[in-house]
Amino acid sequence: MNPLNLLSLEWKRFSPNTTFRIVALLYIGAFALVVYLAHLIGGSLNINNNGQSFNPTADLFTYPKNWELLAYIGSWVNATLLGFLGVFMTTLEFSNKTLRQSIIFGLTRFELALSKVLAALALALFATLIYLIIGMSSTILSHASPGFSLPPLTCLLGFFLQAFGFLLLGMMTALLIRQTALATLTYLAYVLFVEMVCRWIFYFSVAKTRLLLFLPDSALQSLTPLPVPQAAQQMISSNAALLPLSTLESGLAALLYLSLFIAILYQRLTKTDL
Amino acid sequence: MPVLHVQHLTKHYGSLAALNDLDLIVEAGQVFGLLGPNGSGKTTLLASILDVIRPSSGTYTWFDGKAGPHVRRRIGALLETPNFYPYLNADQNLSIVAGIKNVPQTSFDSLLELVQLKDRRRSTFKTYSLGMKQRLALAACLIGDPDVLILDEPTNGLDPEGMIQIRKIILEIASRGKTILLASHILDEVEKICSHVAIIKNGKRLASGAVGSILSDLPTVEISAAQADMEKLLNLVNATTWIKKLQRNGTKLSMELNAGHLPRELNQLAFENGITLDHLVSKTRSLEVEFLEITKS
C-alpha cells in the first residue's frame, strides 16, 4: 500500500481520539509556556558584581544559543509528552485489539510496521514544526535578540531526530509491555530518572567513563544539549569524563538507536502473535 | 480449485498443542463449519490462516497461491469479539476498513442497511450493544465484496433474537455464492447453516465432509411387539445378518440397519414370522449425536 495511504489511515485512527488531541495540544502549550517563562525569568535576571549589574543568561537569548536553549527546553517535552504519545498510540491498539484486526482486515504485517514508523515520523515532523514556529515567534518577540532568524541545521536536525527517537522508544516500550499503565510508567520512569540514577551510580562506584553518555536516553538528550556559559564550559572541559557528547557522537548514537528501535518494532509487529 | 488448503498445521503454546498436524480443504462456494468444543483449536486455526498468530509448523494456501500478496483483502473475517476503535462511529470505522482493503470510500448505506445499523451509523462503537457490534463486524467483513467470509462464533453472547438476525444475514450472504468458513460450538447453528463440516478436538481434525455424509445415513430403528412376542422378536432380530447395534430399551428394541435395507423390510420379516409389530419408528441421527460420538474418544 502507498505510504501516504498508510499515513492517512493512521490519521483516521488517532486524530478523533480525545487523549491524542489533549496530549498534542498539551505538547504545544507546555513547550510555548516554558519558553515564555524562560524568556521572562532570563530577561529579568540581574547580578551585581563590583557595582556593575549584568544578566548572566543574556547570551542564551542571542543567536544561535537561543535556538539551542529552545531545543533543550523542547527535549523535555519530547521525552515526556511525545514519548507518552508513542506509548499511548501503541497500547491503545493492543487494548482494543485493533492491531490484530487490521491484519485480519487485510493489512500485511510489513504495512502495519511501516504505518507505525510513518506515524512516528509524521509526529516528529509536527514537533519540529512546532519548534520552528515557537522559535521564530520567540526570536521575533525577544527583547534580547530582536529580529527573525532560522535555527542552525544541527539544532533542527537534532530536534527532529530526538523527537523521532523518543516516539520510537515509547512505541517500542509499549510493544514489549502491551499494557497502557505499565508501559507508560516504565517509559516515563526510564527517561526521567532510571537511566540517570543508573548512570550516576555507575559513574561514582564503578568507572568514571564517558561511555555512559551513550545510553539511549542520554544519547537522545545529547542531541539538544543545554547551552552553557563560557566559564562553565571551561570547567567541564577540564574533566574528560564530564565532557558532553559532540554533535557527531550524539548524531551517530541517535541514528544507531533509531535503527535499533525500528528493528525491534519491526520484529515485534511481524514475528510475534498479535 | 480449493479456496483454502491447510497442510500439517501445528501451533504449540509451550507444551500445549493448540493445533496438531491439522489438514483441511475448503472448496469455493462451500459454507464450511468448523465444529468443536471450547478450546478445541478453532480460533487458533482461524487466527493462523489470517496471519494473526504464527503457526509452529505447517502451511496454508489461499486460492491455490494464485492471489498475490494482498490475498487477505479478498477475505472478510470476524475473529472472536468484534474489534473496532471505540471512540469512532460506524462510518469512521468502516472507512478505516475500506482504506485497509484499498477499496473506494463510497457510502456504506447498503451494508449498514443489510446489518440494520443505518439509524445508528453516527453513534460511537462503544455505545453499541453486543448484537450491534457483531452486525457492524459483519458489515466490515463485507466491504470490498470478499470471496471468502470467516466467521468465528458469530452468534456468541447474543440473545435468541440477535442469533436469528445474524443467521439470517449469514444465509443471505451464502445465497450470493460466497465461500463461508464458520467456527462454532453450537451444533444446531452448523447444522442449519453449513453445507460441509470439520469436527476438531484437541487441535486435531476428527472428521470432515458434507454435513450429510457426517450425519449417518443409516437410520436408527425402534420396534416393539406384544409382550408375549418380545422374546421371539428378539431372537429373530438377533439372527438377522443385516441388523447391527441391537439394544433393548425397556419394552422396545433399537437397532441400525445395514446399508441397502429399509425399515419396512423389518416389518415384513416380523410379519412373515408371525409377529405383529405395534411400534416402528425410524430416526435419523442428529449432528449432535454424531458429534458426541466422534469426540467422546
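Residues numbered from 1 in each chain as written. Chains lettered and ligands numbered in written order. Predicted model: local features only at pLDDT ≥ 70, side-chain atom pairs only at ≥ 80, totals over all residues.

**Q** Can you break down the overall build of chain B residue by residue, with the values?
**A** A tally of helices and strands in chain B yields ten helices and 13 strands. With respect to the principal axes defined by its C-alpha atoms, chain B has extents near 75 × 45 × 35 Å. Considering chain B as a whole, with its 297 residues, one finds that 40% of them fall into the buried category. Contacts in chain B between residues far apart in sequence, at least 24 positions, make up 70% of those at least 6 positions apart. (Helix = DSSP H or I, 4+ residues; strand = E, 2+ residues; numbered from the N terminus. Buried ≥ 20, exposed ≤ 12 C-beta atoms within 10 Å, placed from the backbone. Contact = placed C-beta atoms within 7 Å.)

**Q** Please provide a residue-by-residue account of the overall build of chain A, values included.
**A** The helix and strand tally for chain A stands at ten helices and two strands. When the helices and strands of chain A are listed from N to C terminus, the series reads α-α-β-β-α-α-α-α-α-α-α-α. Relative to the globule expectation of 19 Å for 274 residues, the C-alpha radius of gyration of chain A, 20 Å, shows essentially globular dimensions. Dimensions of chain A, computed from C-alpha atoms along their principal axes, come out at roughly 75 × 45 × 30 Å. For chain A, the proportion of its 274 residues judged to be buried stands at 38%. (Rg over C-alpha atoms; globule rule 2.2 N^0.38 Å.)

**Q** With reference to specific residues and values, describe helix 10 (residues 247-271) of chain A.
**A** For helix 10 of chain A, built from 25 residues, the straight-helix expectation of 36 Å at 1.5 Å per residue is met to within 8% by its first-to-last C-alpha distance of 35 Å. Within helix 10 of chain A the residues assigned to the buried category are S250, A253, A254, Y257, F261, L265 and L269 of chain A. (Expected span 1.5 Å × (residues − 1).)

**Q** So what's going on with the sheet that holds strand 1 (residues 2-13) of chain B? Which residues, and what values?
**A** Residue and element names in this part refer to chain B. The strand order 2-1-4 describes an open sheet built from three strands, whose pairing is antiparallel. The open sheet has two free edges, formed respectively by strand 2 (16-27) and strand 4 (57-62), since each of these has just one partner strand. Neighbour-to-neighbour, the strand axes of this sheet turn through a mean angle of 15 degrees, independent of strand direction. Strand direction decides the pairing type here: strand 1 and strand 4, joined by five bridges, are antiparallel. Bridge assignment links H5 to a residue of strand 4, and that residue is T61. In this fold helix 1 (residues 42-49) packs onto strand 1, strand 2 and strand 4, with an angle of close to 115 degrees to the strand it touches most, strand 1. (Pairing = 2+ DSSP bridges. Axes fitted to C-alpha atoms, helices over the stretch in contact; angles between N-to-C directions.)

**Q** Account for the sheet that holds strand 13 (residues 277-283) of chain B, naming residues and giving values.
**A** Residues and elements named next belong to chain B. One open sheet holds the four strands; their spatial order is 11-12-10-13, and the pairing between them is antiparallel. Every interior strand has two partners, whereas the edge strands, strand 11 (243-249) and strand 13, have only one. Between one strand axis and the next, the sheet turns through 20 degrees on average, direction left out of account. Helix 8 (residues 230-239) rests against strand 10 (220-225), strand 11 and strand 12 (252-257) of the sheet, and its axis sits at about 15 degrees to strand 12. This element, helix 9 (residues 263-272), spans strand 10, strand 12 and strand 13 of the sheet and lies at about 160 degrees to strand 13.

**Q** Could you give an account of the interface of chain A and chain B, with specific residues and numbers?
**A** Contacts between chain A and chain B engage 24 residues on the former and 24 residues on the latter. For the side of chain A that touches chain B, the leading source of residues is helix 4 (residues 98-105) of chain A, giving seven residues. Among the residues making up the side of chain A that touches chain B, the classes are represented as eight nonpolar, ten polar and six charged. (Nonpolar A, V, L, I, M, F, W, Y, C, P; charged D, E, K, R; others polar.)

**Q** Outline helix 2 (residues 90-101) of chain B, listing residues and values.
**A** Between its terminal C-alpha atoms helix 2 of chain B stretches 16 Å, which fits the 16 Å expected from twelve residues at 1.5 Å a residue. Taken as a whole, helix 2 of chain B has its buried residues at A90, N93, L94, I96, V97, G99, I100 and K101 of chain B. Contact partners of the buried residues in helix 2 of chain B: helix 1 (3-14) and helix 4 of chain A together with helix 3 (109-114) and helix 4 (130-142) of chain B. Phi turns positive, to about 60 degrees, at N102 of chain B, one or two residues after helix 2 of chain B.

**Q** Let's hear about the domain arrangement of chain B: which residues, and what values?
**A** Considered domain by domain, chain B is made up of domain 1 (2-214) and domain 2 (220-295). If you average the C-alpha positions of domain 1 of chain B and of domain 2 of chain B, the two centres end up 42 Å apart. (Domains from an automatic or database assignment.)

**Q** A description of the nonpolar core should follow, citing residues and the corresponding values.
**A** By size, the foremost hydrophobic cluster in this structure holds 133 residues, and its most contacted members are L82 and L167 of chain A together with L50, A139 and L182 of chain B. A total of 16 residues in this core trace back to one element, the largest contributor, which is helix 3 (residues 65-95) of chain A. Dropping the residues within four chain positions of it, L182 of chain B is found in contact with V31, F32, G33, L34, L151, V190, I193 and C194 of chain B. (Core = buried A, V, L, I, M, F, W, Y, C linked by C-beta atoms within 7 Å.)

**Q** Give me the lowdown on the pairing of strand 3 (residues 31-35) of chain B, citing residues and values where you can.
**A** Residues and elements named next belong to chain B. Counting buried positions along strand 3 gives five out of five residues, so the element sits mostly inside the fold. Side chains V31, G33 and L35 of strand 3 all project onto a buried face; the interleaved residues F32 and L34 project onto the opposite face, where all are buried too. In the sheet, strand 3 pairs with strand 7 (residues 179-184) via five bridges, with the strands oriented parallel. Paired with L35 across the two strands is S184, which belongs to strand 7. Bridge analysis of strand 3 against strand 8 (residues 196-201) gives four bridges, and the strand direction is parallel. Bridge pairing in strand 8 links G33 to V197.

**Q** Requested: an account of the environment of K65 of chain A, with residues and values cited.
**A** Residue and element names in this part refer to chain A. One can find K65 in helix 3. K65 sits in the partly exposed class, given 19 other C-beta atoms within 10 Å. Contact partners of K65, with chain neighbours within four places excluded, come to D59, L60 and P227.

**Q** Before we move on, could you go through the pairing of strand 12 of chain B and cite the residues and values that matter?
**A** Residue and element names in this part refer to chain B. Side chains of strand 12 alternate between two faces, with L253, M255 and L257 buried and K252, S254 and E256 left unburied. Pairing of strand 10 with strand 12 involves four bridges; the strand directions are antiparallel. By the bridge assignment for strand 12, V221 is matched with M255. Relative to strand 12, strand 11 is paired through five bridges, and the arrangement is antiparallel. Looking at the pairing, Q247 lines up with S254 of strand 12. In textbook terms, the turn of a hairpin is the stretch between consecutive antiparallel strands, and for strand 11 and strand 12 this stretch comprises two residues, one of which, G250, has a positive phi near 65 degrees.

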